[in-house]
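Tertiary structure, described
The lines below spell out each chain.
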Amino acid sequence: MAAIRKRRPENVAGSFYVDSTCIDCDQCRQIAPASFSQTGDQSAVFRQPVTPEETRAALEALVTCPVGSIGSTTKLDFRLGLESFPKPLEDGVYFCGFAAESSFGASSYLLVRPSGNVLVDSPRFATQLVRRIEALGGLQTILLTHRDDVADHAKWAERFGAARVLHRDDYSSRFGPIERFLEGVEPIPLFDDLVAIPTPGHTRGHVVFLFRNRFLFTGDHMWWSPRRRQLYASRSVSWYSWTEQTRSMRRLLDFDFEWVLPGHGWRFHAPASEMRRQVEDCVAEMEGRSDARRAS
Ligand code: SF4
């Protein structure tokens, strides 16, 4: 719970505020950009929500904040935020909200499928979210993009009897049992609508998942940078190998997709042709050819 005594002075006057425990995960700025912005290396409320839509978005941010840094000094209907999640994006794909501190506030996603629902990375194991996912049919499979964003995977797997999928190169004993290991760097069909594409770089066993040839769940391999206005991968968080991550990015040119749905960073949606151009630019920049591309 946010504490009013820790209210950051950078917040504008009014009900909503961010306190000094913020870990700068960026979730609130993505969910409610009309109200939250970055000041220094933390978030603050730069404009109080006015419309019902803005208030709902601020409450969704409050619910999603992994460390409870967002508070309100007036009595509000918190169910508006709680009941928003999982939040539909498109075609059976949902954003889970309820980010976990152990995943540094990473995003996770739910895929509602006739043949069994899939969770991509792990949200907080929160009662309200468990009930909502149960009402949507529970979970058959939990796909883990890499070792860092696994949060409460064990609780989710136990609650729904779901099988977890992780690349063997990211496994350590702290995970406990994992039901299916992936190996190698070749694409691995998981179901008729889901492919695992190993993308070593950020970690040795990082994997992205392609759903229905439209939705690419990228973990921490790649995300949209609103400041740069481009798809982006960061050398500073390439814990295993930037060279390998660059190769992994190039291999993504073998696939068409329309959505990039990352763990950290912003989502991006564009026609497949524009997405391909974005990935090509990203590869060029990683290979040190970005000036050549711009000149051509
Ligand atoms: S969601 Fe919470 S921790 Fe993340 S940036 Fe916003 S206030 Fe900070």
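A brief structural summary. Values in this document were obtained by computation on a predicted structure and should not be read as measured data.

For the rest of this paragraph, the subject is the side chain of Ser84. In this structure, Ser84 sits in the loop between α3 (79-82) and β5 (87-90). Its relative accessible area of 8% is what places Ser84 among the buried residues.

A full pass over the atoms with the stated rule returns 12 aromatic pairs. For the pair Trp224 and Phe268, a centre-to-centre distance of 4.0 Å together with 5 degrees between the ring planes defines the contact as stacked. One end of the pair, Trp224, is in strand β16 (residues 223-225); the other, Phe268, is in strand β19 (residues 268-269), with 44 residues separating them in the sequence. Directly above the ring of Phe95 sits Arg267, whose terminal nitrogen or CZ lies 4.7 Å from the centroid.

As a further point, take the sheet that holds strand β9 (residues 141-143). Hydrogen bonds along the backbone pair up the strands of a sheet, which may run parallel or antiparallel. The sheet built from 7 strands is open, its strands ordered β5-β6-β7-β8-β9-β10-β11 with mixed pairing. Because the sheet does not close on itself, it has two edges, and the strands there are β5 and β11 (180-182). Here the average twist between neighbouring strands, direction ignored, is 25 degrees. Sheet topology places strand β8 (residues 118-120) next to β9; 3 bridges connect them, and they run parallel. When the sheet's bridge partners are listed, Val118 is paired in β9 with Thr141.

As a further point, take helix α2 (residues 52-64). For α2, with 13 residues, the first-to-last C-alpha span of 18 Å sits near the 18 Å given by 1.5 Å per residue. Of all 13 residues that make up α2, 10 are buried, and the element is covered over most of its length. Of the positions making up α2, those classed as buried are Glu54, Thr55, Ala57, Ala58, Leu59, Glu60, Ala61, Leu62, Val63 and Thr64.

Moving on to the sheet that holds strand β12 (residues 188-191). With respect to topology, 6 strands assemble into an open sheet ordered β12-β13-β14-β15-β18-β19, the strand pairing being mixed. Looking at strand neighbours, the two that pair on one side only are β12 and β19, the edges of this open sheet. In this sheet, β19 lies alongside strand β18 (residues 259-262) in antiparallel orientation, the contact comprising 2 bridges. For Val260, the partnering residue across the bridge sits in β19 and is Phe268.

Two numbers describe how helix α4 (residues 127-135) lies on helix α5 (residues 153-160): the axes approach to 12 Å, and their chain directions differ by 40 degrees. When the axes of α4 and α5 are compared, the pair comes out oblique. Judged by the sense of rotation from one axis to the other, the crossing of α4 with α5 is right-handed. Contacts from Leu129, Val130, Ile133 and Glu134 of α4 reach α5 at Trp156, Arg159 and Phe160.

Analysis parameters
Residues numbered from 1 in each chain as written. Predicted model: local features only at pLDDT ≥ 70, side-chain atom pairs only at ≥ 80, totals over all residues. Heavy atoms only, no water. Helix = DSSP H or I, 4+ residues; strand = E, 2+ residues; numbered from the N terminus. Buried < 20%, exposed > 50% of the residue type's maximum accessible area, 1.4 Å probe, protein only. Phe/Tyr/Trp six-rings, centres within 6.5 Å; stacked < 30°, edge-to-face > 60°. Lys NZ or Arg CZ within 6 Å of the ring centre and 35° of its normal. Pairing = 2+ DSSP bridges. Axes fitted to C-alpha atoms, helices over the stretch in contact; angles between N-to-C directions. Expected span 1.5 Å × (residues − 1). Parallel < 35°, antiparallel > 145°, perpendicular 65-115°, else oblique. Left-handed = near helix turned anticlockwise from the far one by under 90°. Contact = heavy atoms within 4.5 Å.

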